[in-house]
Amino acid sequence: TAGLLARFGSDGDPLEFSPAQENFYLVAVAELGEDVVGVGEGVGGTYWAGRLDAEGTAVWSTTGPTSGVHALTVLPDGRVLAAITNLSQTTDMMTFDPDGTLLASEALPRAGVEIYDMLVLDDGDLVMAGAENVSGSHCWLGRLDADNTLVWEISFAEAGGQSQCRTVDLAPDGSLVASGG
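Residues numbered from 1 in each chain as written. Predicted model: local features only at pLDDT ≥ 70, side-chain atom pairs only at ≥ 80, totals over all residues. Heavy atoms only, no water.

Student: Whenever I open this one, the pattern of salt bridges confuses me. Can you help?
Tutor: Between side chains of opposite charge, a pair can form as their charged atoms come close. This structure, assessed with the given rule, holds 6 salt bridges. For Asp35, the salt bridge goes to Arg51, with nearest N and O atoms at 2.8 Å. With Asp35 in strand 4 (residues 35-42) and Arg51 in strand 5 (residues 46-52), the pair connects residues that are 16 residues apart, well separated along the chain. Take Asp35 and Arg51: they sit in the same class, and that class is buried. Among the ionic pairs, Arg110 bridges to Glu132, the shortest N-O distance being 2.1 Å. In this pair, Arg110 is assigned in the loop between strand 10 (102-107) and strand 11 (113-120) and Glu132 in strand 12 (residues 126-133), connecting sequence segments 22 residues apart. Here the residues in one salt-bridge network are Arg110, Glu132 and Glu153, joined through shared partners. (Salt bridge = Lys/Arg side-chain N within 4 Å of Asp/Glu carboxyl O. Helix = DSSP H or I, 4+ residues; strand = E, 2+ residues; numbered from the N terminus. Buried < 20%, exposed > 50% of the residue type's maximum accessible area, 1.4 Å probe, protein only.)

Student: Sorry, what's going on with the nonpolar core here?
Tutor: Generally speaking, nonpolar side chains in soluble globular proteins are found buried as a group. Val39 and Leu72 are the most contacted members of the largest nonpolar core, which totals 15 residues. Contributing elements (two or more residues each) for this core: strand 3 (24-32), strand 4, strand 5, strand 7 (68-74), strand 8 (80-85) and strand 9 (91-96). Leu72 has contacts with Ala28, Val29, Ala30, Val37, Gly38, Val39, Val80, Leu81, Ala82 and Met118, leaving out every residue within four places of it along the chain. If you look at the next biggest cluster of nonpolar residues, it comprises 13 residues, including Leu75, Leu81, Val113 and Ile115. (Core = buried A, V, L, I, M, F, W, Y, C linked by side-chain atoms within 4.5 Å. Contact = heavy atoms within 4.5 Å.)

Student: Which parts of the structure should I look at to understand the side chain of Asn86?
Tutor: Within the fold, Asn86 resides in the loop between strand 8 and strand 9. Polar side-chain contacts of Asn86 include one of 3.1 Å to the side chain of Asp92. Sequence-distant contacts of Asn86, that is, excluding residues within four places in its chain, are made with Ser67 and Asp92. (Polar contact = N/O pair within 3.5 Å; in protein donor to acceptor, adjacent residues only side chain to side chain.)

Student: Where do I start with the pairing of strand 10 in this structure?
Tutor: Within a regular beta strand, the side chains point alternately toward one face of the sheet and then the other, so they alternate between its two faces. Looking at chain direction, strand 9 and strand 10 are connected through 5 bridges and run antiparallel. Across the sheet, Met94 pairs through a bridge with Ser105, a residue of strand 10. Between strand 9 and strand 10, which pair antiparallel in sequence order, lie 5 residues; one of them, Gly100, sits at a positive phi of approximately 100°. (Pairing = 2+ DSSP bridges.)

Student: I keep staring at the layout of surface pockets and nothing clicks. Help me out?
Tutor: The probe, sized like a water molecule, is rolled over the atoms to show the empty space still left. Within this model, the largest pocket holds a volume of roughly 370 Å³. Taken together, 19 residues line the largest pocket, and the ones lying closest to its centre are Leu75, Arg79, Leu81, Thr95 and Ala146. For the lining of the largest pocket, the secondary-structure elements that each account for two or more residues are strand 9 and strand 10. Among the elements that take part in the lining of the largest pocket, strand 10 stands out by supplying 3 residues, more than any other. (1 Å grid on protein atoms, 1.4 Å probe; cavity = no way out; pocket = protein on both sides within 12 Å on 5 of 7 lines; lining within 4 Å. Points joined across faces, edges and corners; volume = space filled by probe spheres on them.)

Student: What should I look at first to understand the packing of aromatic side chains in this one?
Tutor: Each aromatic ring pair is characterised by the separation of its centres together with the angle its planes make. On inspection of all chains with the given rule, the structure shows 1 aromatic pair. Over the face of the ring belonging to Tyr116 we find Arg166, whose NZ or CZ atom lies 3.8 Å from the ring centre. (Phe/Tyr/Trp six-rings, centres within 6.5 Å; stacked < 30°, edge-to-face > 60°. Lys NZ or Arg CZ within 6 Å of the ring centre and 35° of its normal.)

Below is the structure:
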């Protein structure tokens with residue numbers, strides 16, 4: 001199997017369909033100039049991270065062991081940040097330059113959290129939405145500064161419920177809006 005990358009015009013007309021990477025399915029993608037960067041999961045507990053040109057050809061790609069891949073964002077300077085859960089169930093915040101060189105791989109300073117969405121704020125901080133896995137699953141939000149320091153975090157769930165925050169966005173008034181279930 002191969003991940004599928006599809007592009008559509010603003011009018012909904014299909015522009016292109018292309019396989020992304022053999023034996024991986026794409027989980028998250030973002031624009032990087034004319035190209036697309038993405039992360040995905042593959043068979044046998046592996047992740048794929050890479051950059052695809054407009055024709056779907058890999059400009060760069062890398063793989064490694066994982067137990068989960070969920071989120072990716074492009075930072076204002078063009079670096080690519082991917083949240084990849086490693087085999088010891090810690091989320092690694094992996095930073096690549098636009099050409100695919102791994103610049104840093106730092107553990108999220110909070111164990112037991114899977115990241116599903118990331119939002120870069122104007123001040124460079126990163127807000128993350130995900131799930132905290134402690135006696136069930138709770139919705140988790142956190143904010144990292146540029147030094148990978150956890151500025152704040154909050155975890156919540158409905159009484160007796162299983163919750164995961166899947167998305168986070170910035171409202172016009174500057175507040176954060178998270179959703180999931």
